[in-house]
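Architecture at a glance
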Amino acid sequence: MSIPYNRTQMISTTLNLLGYPLIQSIASGGPAAAALDNLYDLVMAADLSSPNWRFASKTAQLSLVAGVDPDFDWFDSVYQLPPDCLAVWQIYPNVPFEVFGERLWTTGSQALSIQYRALVPESMLPPAYLMYFAYLLADSAGPPIVKDANMSQLIQAQMTKWRAQAMIVNTQGRPNQGLTNSPWVSARASGGSGYGAGRV
C-alpha cells in the first residue's frame with residue numbers, strides 16, 4: 001500500500017504530535033524541525049536495520065571482487081555488498097562469512113545471494129510503521145524537543161503501542177504455521193542414547 005508521505009511530511013507529523021504547528025518545509029519549522037531533520041536519517045537507518053521489519057528486506061546476487069585475496073584466516077574471496085545494504089540477514093548457500101565494511105568475506109568462489117535490510121521510501125512504508133516512526137523520532141529527539149515530562153511519557157507509551165501494531169501488520173507477509181506442524185517440532189529427538197533418551 002502506497003501512502004503519499006515524504007520526509008518533510010513525516011517531520012511535520014512528528015512536530016504536530018508534540019504540539020507544534022504543521023509545517024510546509026523544514027526551514028519554516030524553526031529549531032525543532034531542524035533538530036528532527038538532523039536525526040532523521042540515523043534513526044531511520046538504525047531502526048530498519050533491525051530484524052523486526054520484513055518489509056525492509058531485499059535480495060541480491062553478489063558480485064565477486066576480482067583479484068582480491070584477503071589472505072587472512074580461512075578467507076580467500078571477497079564479494080561486494082549492495083550500496084543500500086544496512087545489514088545482512090541471510091546468505092545463500094549457507095556458508096560461513098564475515099562482513100567488513102561494504103564487503104563480505106568468505107571462502108570459495110560460488111554464486112552467492114543475500115537477504116538484507118535496506119532503506120524504504122516513506123511512500124512505501126506501512127501506515128502503522130509511519131505512526132510508530134513519528135513517535136520514535138519524537139522520543140529520540142529527547143528534552144530539546146519534548147520539554148514536558150508528561151508529554152515524554154505519553155510519547156513513549158504511544159511509540160510502544162504503534163510499534164506493536166506495526167509488528168503485527170509486518171507478520172502478515174508470511175503465512176502462519178501451526179506449532180505441531182513446525183519442522184522444529186519434527187526434528188526433536190524421540191529416542192537414542194543421548195541425553196534425555198527415553199525420558200517422559
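Note: the structure precedes this text.
All of the points below concern the structure found in this document. Remember, it's a predicted structure, so these values are computed and weren't measured experimentally. (Residues numbered from 1 in each chain as written. Predicted model: local features only at pLDDT ≥ 70, side-chain atom pairs only at ≥ 80, totals over all residues. Heavy atoms only, no water.)

1. A word on the side chain of Glu122
The line we're drawing: Strands are runs of DSSP state E lasting at least 2 residues, helices are runs of H or I lasting at least 4, and numbering of each runs from the N terminus. Remark: exposure states derive from per-residue accessible area (1.4 Å probe, protein chains only) relative to the maximum for the residue type, with buried under 20%, exposed over 50%, and partly exposed in between. The charge count includes Lys and Arg as positive and Asp and Glu as negative, but it does not include His or the ends of the chains. Basic side-chain nitrogens of Lys or Arg form a salt bridge, by our definition, when they fall within 4 Å of a carboxyl oxygen of Asp or Glu. Any N or O atom pair separated by 3.5 Å or less is treated as a polar contact, with the protein-specific requirement of one donor-capable and one acceptor-capable atom, and with residues adjacent in sequence counted only for side-chain atom pairs.
In this fold, Glu122 is placed in the loop between strand S7 (113-118) and helix H3 (127-141). One buried charge, Glu122, has no salt-bridge partner; the nearest side chain with opposite charge is Arg7, at 5.6 Å. Among the polar contacts made by the side chain of Glu122, one reaches the side chain of Tyr40 at a distance of 2.7 Å.

2. Examining the pairing of strand S6 (residues 103-106)
The test is simple: When DSSP locates at least two bridges between a pair of strands, those strands are taken to pair.
Across four bridges, the pairing between strand S3 (residues 77-80) and S6 is antiparallel. Considered in S6, the bridge of Gln80 is made with Arg103. With three bridges joining them, strand S5 (residues 98-100) and S6 adopt antiparallel strand pairing. Within S6, the position partnered with Val99 by the bridge is Leu104. The antiparallel hairpin formed by S5 and S6 contains two residues in its connecting segment, where Gly101 sits at a positive phi of about 65 degrees.

3. Thoughts on the packing of aromatic side chains
Spelled out, the test is: Note on aromatic pairs: the rings of Phe, Tyr and Trp (six-membered ring only in Trp) are paired at centre separations within 6.5 Å, and the planes decide the class, stacked below 30 degrees, edge-to-face beyond 60, tilted for the rest.
Summed over all chains, the structure comprises 10 aromatic pairs. Look at Phe55 and Tyr129: their rings are 5.2 Å apart centre to centre, the planes differ by 70 degrees, and that puts the pair in the edge-to-face class. Residue Phe55 is located in the loop between helix H2 (30-48) and strand S1 (57-61), and its partner Tyr129 is located in helix H3; the two are separated by 74 residues in the primary sequence. Given a relative accessible area of 23%, Phe55 falls into the partly exposed group. Under the relative-accessibility criterion, Tyr129 is labelled buried at 0%. Within the aromatic cluster, the residues linked to one another by ring pairs are Tyr40, Trp53, Phe55, Tyr129, Tyr132 and Phe133.

Nothing here speaks to function; it is geometry throughout.
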